[in-house]
Amino acid sequence: MPTPSAVDPRLLRAFVAVAEELHFTRAAARLYVAQQALSRDVRRLERDLGTELFLRTTRQVALTPDGERLLPLARRVLQAHEDLLAAFGQARPLLVDLNSPGLATGRRVLERARELAPDCELMARYESGLTGAAAEMIAGRLDASFGHFAGLDPALRAALDHQPVRYEAMAVILPEAHPLAAREAVPLAALAGETVYAGAGNPRTPEWTDLARRLFEGRGITVAPPAPLAVGEEEFQRLMAKTGHPVLAVTDFPALPGTVVRPLVEPVPLSPVSLVWRRGLTHPGFDALRRAAAQLTAEEDWLRRPADGWIPAMHHVTKLLHN
């Protein structure tokens, strides 16, 4: 293999994306470039290095021995390049998933982080669920998110790290005409016999559905079967009105027209929320994000559990492993 005089980081970024996805179309989507441009960059890198990096067939893409040798080196070069830009104030934007518009925990952490690092660009994204966000983080299209880390598939958790931030009190969203809507708070026992929607079938939110099943177990509450994924408030309201099912949420979930949000009590169920990120992530904005989360957790006593608070048993194990 000839020794190149210089290698454009853009070409290495294209190579790493294809090497990790083993699929040119997915790699192009990950980098937000046309597939033809991505293929052209990979061919140019192969020409500059004087070797084939991929074995291409109509059905699959695989790394050659030289490609396997290059991959860890390319990752180190790209990380060093990112560190260099960050050191001189040219860091790329930090992409932070807030799950859904209106939810308070991630939004408040992001706002505080922007105050702590005014020279960094921290941009919000909305992936709607931690499982969906986890895939985006692992693929390098997203940097951080918030959610129930212990509820992720172990294979996803292995590529991520987390920092406990808050125990969010859970609630139900009820149609205004529902018999329980007149109550200021809804005891869990009052939901016995009800079918409650908790995102079943949504591939982005299985950790939320699992949390609901653990909460409802032995209480006579049924998780609603999968429903078409509603995108946008109008569709969510329409499906809710059509089924009449209560919806499991958290207490700061914004109320929608024709609905009320009621906290759950006896016991008070808590959704464990962590700041979650891709392992090995370095970025000046990310440092501010972690500091912001720690500050708010301490100032607001976000990890305090009420005497009658409920959290899933699996969370205890994950928290011990984190500590």
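Since we're looking at a predicted model, the values are computed, not measured. (Residues numbered from 1 in each chain as written. Predicted model: local features only at pLDDT ≥ 70, side-chain atom pairs only at ≥ 80, totals over all residues. Heavy atoms only, no water.)

(A) Examining the overall build of the chain more closely. Scanning the chain from terminus to terminus reveals 11 helices and 13 strands. Its C-alpha atoms put the chain at 75 × 45 × 35 Å along the principal axes. Within the chain, the proportion of its 323 residues that are buried is 46%. Contacts in the chain between residues far apart in sequence, at least 24 positions, make up 75% of those at least 6 positions apart. Element-wise, carbon and sulfur atoms account for 53% of the exposed surface of the chain, whose accessible area totals about 16,300 Å². Between the averaged position of the 37 positive side-chain charges in the chain and that of its 38 negative side-chain charges there is a distance of 4 Å. (Helix = DSSP H or I, 4+ residues; strand = E, 2+ residues; numbered from the N terminus. Buried < 20%, exposed > 50% of the residue type's maximum accessible area, 1.4 Å probe, protein only. Contact = heavy atoms within 4.5 Å. Areas by Shrake-Rupley, 256 points an atom, 1.4 Å probe, with all protein chains shown as cover. Lys, Arg positive; Asp, Glu negative; His and termini not counted. Charge placed at Lys NZ, Arg CZ, Asp CG, Glu CD.)

(B) Just the pattern of salt bridges, in detail. Taken as a whole and judged by the stated rule, the model has 17 salt bridges. Arg108 is the salt-bridge partner of Glu300, the closest N and O atoms lying 3.0 Å from each other. Of this pair, Glu300 sits in helix 10 (residues 284–300) while Arg108 sits in helix 5 (residues 104–116); the two residues are 192 residues apart in sequence, bridging distant segments of the chain. On the accessibility criterion, Glu300 (37% relative accessible area) is partly exposed. For Arg108, a relative accessible area of 28% translates into the label partly exposed. In this structure, the salt-bridge partner of Arg304 is Asp301, at a minimum N-O distance of 3.5 Å. Under the relative-accessibility criterion, Arg304 is labelled exposed at 52%. Look at Asp301 and you get partly exposed, because its relative accessible area is 43%. A single salt-bridge network, built from bridges that share partners, covers Glu21, Arg26, Glu136 and Arg141. (Salt bridge = Lys/Arg side-chain N within 4 Å of Asp/Glu carboxyl O.)

(C) Structural view of the packing of helix 1 (residues 9–21) against helix 3 (residues 35–49). Running from amino to carboxyl end, helix 1 crosses helix 3 at an angle of 110°, the nearest separation of the two axes being 9 Å. Relative to helix 3, the element helix 1 is oriented roughly perpendicular. Where helix 1 approaches helix 3, its residues Arg10, Leu11, Leu12, Ala14, Phe15 and Val18 are matched on the opposing element by Leu38, Asp41, Val42, Arg44, Leu45 and Asp48. Partitioned by chemical class, the residues of the contact of helix 1 with helix 3 number 8 nonpolar, no polar and 4 charged. (Axes fitted to C-alpha atoms, helices over the stretch in contact; angles between N-to-C directions. Parallel < 35°, antiparallel > 145°, perpendicular 65-115°, else oblique. Nonpolar A, V, L, I, M, F, W, Y, C, P; charged D, E, K, R; others polar.)

(D) Geometry of the packing of helix 5 against helix 10. Orientation of helix 5 relative to helix 10, taken along the N-to-C sense of each, is 120°, at an axis distance of 8 Å. As far as their axial angle goes, helix 10 and helix 5 are oblique. The two elements helix 5 and helix 10 meet at a crossing, and its hand is right-handed. Judged by residue contacts, Arg108, Val109, Leu110, Arg112, Ala113 and Leu116 of helix 5 engage Ala288, Leu289, Arg291, Ala292, Ala293, Gln295, Leu296, Glu299 and Glu300 from helix 10. A breakdown of the residues in the contact of helix 5 with helix 10 according to their chemical character gives 9 nonpolar, 1 polar and 5 charged. (Left-handed = near helix turned anticlockwise from the far one by under 90°.)

(E) Inspection of the nonpolar core at higher detail. Core analysis: the largest hydrophobic core is formed by 24 residues, its most contacted members being Leu191, Phe216, Leu248 and Leu264. Of all elements in the fold, only strand 6 (160–175), helix 8 (206–216), strand 10 (247–250) and strand 11 (259–265) reach the threshold of two or more residues within this core. Every residue in contact with Leu264, bar those within four places of it in the chain, is listed here: Met170, Ala171, Val172, Val186, Leu188, Leu191, Leu248 and Pro269. Among the nonpolar cores identified, the runner-up in size contains 23 residues, and Phe15, Ala17, Ala19 and Val42 belong to it. (Core = buried A, V, L, I, M, F, W, Y, C linked by side-chain atoms within 4.5 Å.)

(F) Region of the structure containing helix 10. The terminal C-alpha atoms of helix 10 lie 24 Å apart, and with 17 residues this matches the ideal 24 Å at 1.5 Å per residue to within 8%. Every buried residue belonging to helix 10 is among Gly285, Phe286, Ala288, Leu289, Ala292, Ala293, Leu296 and Thr297, and all of these are buried. Down the axis of helix 10, the buried side of the element spans an arc of 165°, and every buried residue falls inside it. Exposed positions of helix 10 whose direction lies more than 90 degrees from the buried face are Ala298 and Glu299. Along its buried surface, helix 10 packs onto strand 3 (94–97), helix 5, strand 4 (122–125), strand 5 (144–147), strand 6 and strand 12 (268–278). Asp301 lies just past helix 10 and shows a positive phi near 55°. (Expected span 1.5 Å × (residues − 1). Arc of directions from axis to C-beta.)

(G) Looking closely at unusual backbone geometry. A cis amide bond, omega 0°, links Glu266 with the succeeding residue Pro267. Here Pro267 lies in the loop between strand 11 and strand 12. Residue Asn99 is not a glycine yet carries a positive backbone phi of 70°. In this structure Asn99 comes out as buried when scored by relative accessible area, which is 15%.

(H) How the structure looks around the side chain of Arg166. Along the chain, the position of Arg166 falls in strand 6. Polar contacts involving the side chain of Arg166 include one to the side chain of Thr105, which spans 2.9 Å. In this view, Arg166 contacts Ala104, Thr105, Asp252, Ser271, Pro272, Val273, Trp302 and Leu303; residues no more than four positions away in its chain are not counted. (Polar contact = N/O pair within 3.5 Å; in protein donor to acceptor, adjacent residues only side chain to side chain.)

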